[in-house]
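Take a look at the letters that make up each chain.
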Amino acid sequence: MRFAFSTPSMYLVILLATLVACGNGASAPSPELQGDPPRTFAAHFPEGRWVSQPCSNEAACGPFGFAQSENGPGIENCVGDANLGLLLIGRFLSIAGVPANRIARWTGERWEALGAGLDALAEGLLVHEGDVYAGGAFTRSGALSLNHVARWNPNEGWRPLGLGVDAAVRSLTVYRGELIAAGHFRNAGGAPAAGIARWDGERWWPLAGGIEAPLAGGVFAMTVYQDRLIVAGNFSAAGGVAAQNIAVWDGQSWSALQGGLDDKVYGLEAYGDELYATGDFQYAAGLPTPYVARYSQSTWAAVGSGFQGDEAKGRALTRWNDLLVAGGNFLEAGGAPAARVATWNGESWAPLGEGLNNWVEGLTTYGGKLVACGWFNALANGGPVGFATYEPSLTP
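Residues numbered from 1 in each chain as written. Predicted model: local features only at pLDDT ≥ 70, side-chain atom pairs only at ≥ 80, totals over all residues. Heavy atoms only, no water.

### Let's talk about the packing of aromatic side chains
In this structure the tally under the stated criterion is 9 aromatic pairs. Ring geometry for W199 against W204: centres 5.2 Å apart, planes inclined by 45 degrees, an arrangement best described as tilted. This pair shows no difference in class: W199 is buried, exactly as W204 is. Taking 5.2 Å as the distance between ring centres and 50 degrees as the angle between the ring planes, the aromatic pair formed by W249 and W254 counts as tilted. With relative accessibility at 7%, the residue W249 sits in the buried group. With a relative accessible area of 7%, W254 lands in the buried category. The residue whose ring lies beneath R203 is W205, and the NZ or CZ to ring-centre distance is 3.7 Å. (Phe/Tyr/Trp six-rings, centres within 6.5 Å; stacked < 30°, edge-to-face > 60°. Buried < 20%, exposed > 50% of the residue type's maximum accessible area, 1.4 Å probe, protein only. Lys NZ or Arg CZ within 6 Å of the ring centre and 35° of its normal.)

### Description of the environment of W254
Topologically, W254 is positioned in strand β29 (residues 254–256). Sequence-wise, W254 and A238 are 16 residues apart; in three dimensions their C-alpha atoms are separated by 6.1 Å. (Helix = DSSP H or I, 4+ residues; strand = E, 2+ residues; numbered from the N terminus.)

### Concerning the environment of W111
If you trace the backbone, W111 turns up in strand β10 (residues 111–113). Once the C-alpha coordinates of W111 and G97 are considered, the two residues, 14 residues apart in sequence, prove to be 9.1 Å apart.

### Structural notes on the pairing of strand β17 (residues 169–175)
For β17, a buried count of 7 out of 7 residues is recorded, marking the element as mostly surrounded by other parts of the structure. Pairing of β17 with strand β18 (residues 178–183), which is carried by 6 bridges, proceeds in the antiparallel orientation. When the sheet's bridge partners are listed, S171 is paired in β18 with A182. If you look at the hairpin formed by β17 and β18, you'll find 2 residues sitting between the two strands, and R176 has a positive phi there, around 50 degrees. (Pairing = 2+ DSSP bridges.)

### A word on the sheet that holds strand β16 (residues 157–160)
Pairing in this open sheet of 4 strands is antiparallel, and the strands run β11-β12-β15-β16 from one edge to the other. Every interior strand has two partners, whereas the edge strands, β11 (122–128) and β16, have only one. Sheet twist, expressed as the average angle between the axes of neighbouring strands with direction ignored, equals 25 degrees. As paired strands, strand β12 (residues 131–136) and strand β15 (residues 149–153) are joined by 4 bridges and run antiparallel to one another. Within the sheet, the bridge partner assigned to A134 lies in β15 and is A150. (Axes fitted to C-alpha atoms, helices over the stretch in contact; angles between N-to-C directions.)

### Overview of the sheet that holds β10
Pairing between sheet strands relies on hydrogen bonds along the backbone, with the strands arranged either parallel or antiparallel. Overall, antiparallel pairing links the 4 strands, which are arranged β5-β6-β9-β10 in an open sheet. One side of each edge strand has no neighbouring strand; the edge strands of this open sheet are β5 (75–81) and β10. When the angles between neighbouring strand axes are averaged without regard to direction, this sheet yields 25 degrees. Two elements, strand β9 (residues 103–106) and β10, share 3 bridges in a ladder whose sense is antiparallel. Across the sheet, A104 pairs through a bridge with A113, a residue of β10.

In structure tokens, the structure reads:
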């Protein structure tokens, strides 16, 4: 069985946000939050500025707003697909009053659960060939054993991928037609596979010697760049080759990427002919690159002056409307104000409206709009909780 991503026919940006408590070593540490209890809200961003639209029904939204959670509200990630809708994973047990165990989708008309959902947190999420693939700390959906990685579609419901893996999955992608899963596991399909493995539709296979990482480390992000699989996170070697937090798999063997990055990496994206990375790092191959860097022609380079702000960090990257979009916990990008989300056009950074008041953890597109997920509970200018829309007809 070969895999291919389904591509949305148009872009949409809805910004879904929530305060997320992290667990199982599977996420970056939650920032310390103050004030009123957090409430989840969503916003979408065509090309203007953010305008908040509070939830109209407290009963439907729940006491914490958009998502009702077992441990504080929590949307961990979001992925948009033109056919299956906008998919969310997190710590929630319901969405807008609809029971949904840790995974749900917006069909364009209503929220729906994905069967019995999942019994623990998911972090890896993708859609391809009409199926949803999830990976995480979960081991079951209802009475069905899934072992940390599974697929779902509207006709068949949840299905395991062979014997699965023996510990949490952090990231999923597709490379040369096969599903790649990465995380904290040491075995896949009952055979040794150190932190990363491929699924060919019938069985799991290791990727050479796998990843050497500390207990809470491993691969946190993956992408394909120039027909090579790029993996990044918190590790010291891949396939026995020293590699500082980022490495390359060419289908046969592992290699390092020009000196690597000096701290954790959480986001990867190919943009133009360059590879971009973001995370906790401040240096790439010894070059100052505050929390975001780019790579091409065997050389790392800064992305403007990077991100600034107290406890500045990068978390997510995606492409939208010919721009690279970055999210994280920064207050400035390239030295200019940009509250936790910003765009890069290949030459300079620009803000997206007023921005957001806390961490952005994930970015995707759906129906023509940009979608961000994170720990924010309002706009950066203090707008109310609920839904927020970025309207191009309004001027700053």
